[in-house]
Structures are given as structure tokens and as C-alpha cells.
Amino acid sequence: MNYFIVLALLYIIVRTIFQGYLKSNKTDRYSVSLISSGLTFSFFLGYYFIRNNYSFNFERLKEIIFNKYALIEGVSSQGYFFALISALPLLPFSLSTPLTSIWLFFALFLEPFILDDYSMNLSIIGIFILFVLGLLTINYHHISKGFNLKKYPQFKLGIILLIISSLSRAIQVTNTKKIGHMYETDELILMSFALTFLIAITMFLYKYLFTDYKPYLDKVFYLILICFFVNNLSVFLRFYSIQNISEDLFILITQTAIILSIFIGYYFFKEKIMLNQLIGFLIIVTSIYLMIKNENSDIKIHK
């Protein structure tokens, strides 16, 4: 299997673990956003400093941070993460992760406009249709029986937030794919998280100074450790994978998070595993296998 495919799969495992932890942690979303983005920006700024022979190379740093792509990366990154952490408490974990998959539809729509690539492999369309069938099958029990309104009374708001998160994610992934060859991985991360961190600071200060908001921190020591090690690894693997595999393949590989979310929901949040979820899981695995096979065939043809 391609080395970069393995890294993309590792990214999904790490990211899903991080999201599962955020759902269980009760820290308010403004504090989570501030802590997470601040640690990521600081860590990769330090990495950039070391990689440049212990120099910040301010001229290059200005080129990275002050451009139109940095604006797109920063706003879409914060929109994706903040909307996601706002939605996680409002929905079952085994549902929220599959629903975030709608970002792939946004990505397919945005790709021609952002990448200037209006070609579409018909086999890829067929594979995506198969994937959508798997996604609908996994969520069949939620669709047919509805939600537990006592446990999740704000599920509609949760779905709206996931749509906003998915759209933001699609913009960021497609934009990163467009500019990935122009920057090192740590430069892409700095480009994204410089503005993300600034937005997080602004949102936190506005809520703290002009509203009745009071920060609530739950197990903050563990939250910082998880953000520093798990989230930073997730961020690095995400950008590195996007740079080195096709967007279509990255999109499908990321959907393995659906499988992980089912088992995390079962073991940690006491959510039942239904037969339709297992059937949907098999359909999604098949679609991913076909996508990888199609990708490898394209590589051989172009050699």
C-alpha cells in the first residue's frame, strides 16, 4: 500500500480519537478553540524556526502569512473546527462523524472552481455513489426512527453546525490541494493557524469582555496534553497527506472515520451498534478499496 495512504489512514485514527475526547470533555468551545489553535500555531512556529537553522526568516514568514490563500485557510480552518466542536455535544458520536462526510459533496462541487480542473473520472463518480449508499445505510436507524429528543433536544442545530463545518472543511482541503506544491507542510500549517489563532483570540475576548460568558475548563491539564500531542499530530498528518495524494483518494480515506466513530460511540458513549451500520461499513470499505485500486491504476498509466 502507498506510504502516503497509510499516513492518511493514521491521520483518521488520530483525528477521530481527538474528536471523541473533545465530546467527552466539558470545556467550553471558546476555550477549546483558543487552547487548540494556540498550541498548534506555537508548536509549528517552533518547528519552522528549527528547520530554518534557528532563524525565523521573517521575509519568508511574511510571504506565508500575508496572502490571500492564508486568509482562505485561516477562516475556513476556524469555521471547520469551531462549528464541529459546537456540534459534537448536540448529536450522537456515531451520527455526527458520518454526517461530516457531506463535506465531500461540497469538495466535488468546489474542485472545478478552485483547482480549475473540470475533468471528472466516471469511475470515481460511480465509487462515490456507492459510498453515499453506504453512508445512508449506516444512518438508516437515525433516519427511520428519528432522534432521542430527551438526550439530544438541539439535534437540528447540531446538523446545521455540521453543515457549516463540512463546507468550511471542503474549502480548506481543496485550497490546500491547490497550493500544496508551493509550501512545506509546516508552512501550510502556519498559513492556516496564524489567522485561526487570531480569530480564536478575538472570539474569546469578545465573549469574555462583552457578554456574561465565563470560561469553563474541564480537566485542563489533560486537554492541553491531548491538544499538544494528538491534535498537532493530526494536523501535520492532514496537511502532509493532502499534499501527497489526490483529493478524491483523500476524501474517501477520511471516511474510515465513520467506522471508528461507530466503535468509539459504542465503547465510550454507550451507543448501540445496529445491523445497518455493519452493512454500511462493508459498503464503505468496498468503495474505499475500489478508489485505491483506481488510484493505483492511474499511477501505473502515467508512469
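Use the structure listed above.
The rules we used
- Residues numbered from 1 in each chain as written.
- Predicted model: local features only at pLDDT ≥ 70, side-chain atom pairs only at ≥ 80, totals over all residues.
- Heavy atoms only, no water.
- Core = buried A, V, L, I, M, F, W, Y, C linked by side-chain atoms within 4.5 Å.
- Buried < 20%, exposed > 50% of the residue type's maximum accessible area, 1.4 Å probe, protein only.
- Helix = DSSP H or I, 4+ residues; strand = E, 2+ residues; numbered from the N terminus.
- Contact = heavy atoms within 4.5 Å.
- Salt bridge = Lys/Arg side-chain N within 4 Å of Asp/Glu carboxyl O.
- Phe/Tyr/Trp six-rings, centres within 6.5 Å; stacked < 30°, edge-to-face > 60°.
- Patch = residues over 30% accessible without salt bridge, like charges linked within 9 Å, V, L, I, M, F, W, Y side chains within 5 Å.
- Areas by Shrake-Rupley, 256 points an atom, 1.4 Å probe, with all protein chains shown as cover.

(A) Main features of the nonpolar core. Judged by nonpolar contacts, the single largest core of 61 residues is most densely connected at Leu22, Trp103, Phe131, Leu223, Phe250 and Leu252. In terms of residue count, helix H1 (residues 3-24) provides more of this core than any other element does, nine residues in total. Those residues within four positions of phenylalanine 250 in sequence are excluded, and the remaining contacts are Tyr11, Trp103, Val173, Arg238, Ser241, Ile242 and Ile245. Membership of the second largest hydrophobic core comes to 17 residues, among which are Leu61, Tyr69, Ile179 and Ala194.

(B) Fine view of the pattern of salt bridges. Scanning the model with the defined rule gives five salt bridges in all. We note a salt bridge from glutamate 59 to lysine 62, for which the minimum N-O separation is 3.5 Å. One end of the pair is glutamate 59 and the other is lysine 62, both in helix H3 (residues 58-65) and three residues apart, which spans about a single turn. Overall, glutamate 59 belongs to the exposed group, its relative accessible area being 53%.

(C) Just the packing of aromatic side chains, in detail. Taken as a whole and assessed by the stated rule, the structure comprises 17 aromatic pairs. Between phenylalanine 228 and phenylalanine 229, the ring centres sit 5.0 Å apart and the planes meet at 85 degrees, which makes this aromatic pair edge-to-face. Residue classification places phenylalanine 228 among the partly exposed positions, given a relative accessible area of 29%. Note on phenylalanine 236 and tyrosine 240: the rings are 5.6 Å apart at their centroids and 10 degrees apart in plane angle, and the pair reads as stacked. Of this pair, phenylalanine 236 and tyrosine 240 both sit in helix H11 (residues 220-244), four residues apart, which is roughly one turn of that helix. By relative accessible area, which is 27% here, phenylalanine 236 ends up partly exposed. Aromatic ring contacts, followed pair by pair, group Tyr30, Phe82, Phe204, Tyr208 and Tyr213 into a single cluster.

(D) Quick peek at a nonpolar patch on the surface. On the surface, Leu217, Val220, Phe221, Tyr222, Ile224, Leu225 and Phe229 cluster together to form a nonpolar patch covering roughly 680 Å² of accessible area. Within the fold, tyrosine 222 resides in helix H11. Residue tyrosine 222 is classed as exposed on the basis of its relative accessible area, which comes to 52%.

(E) Molecular detail of the environment of asparagine 57. Assignment of secondary structure puts asparagine 57 in the loop between helix H2 (29-51) and H3. Of the residues examined, asparagine 57 reaches a relative accessible area of 32% and is grouped as partly exposed.

(F) How the structure looks around the environment of tyrosine 140. Here tyrosine 140 lies in helix H8 (residues 140-145). The spacing of tyrosine 140 and isoleucine 273 is 133 residues in sequence and 12 Å in space, taken between C-alpha atoms.

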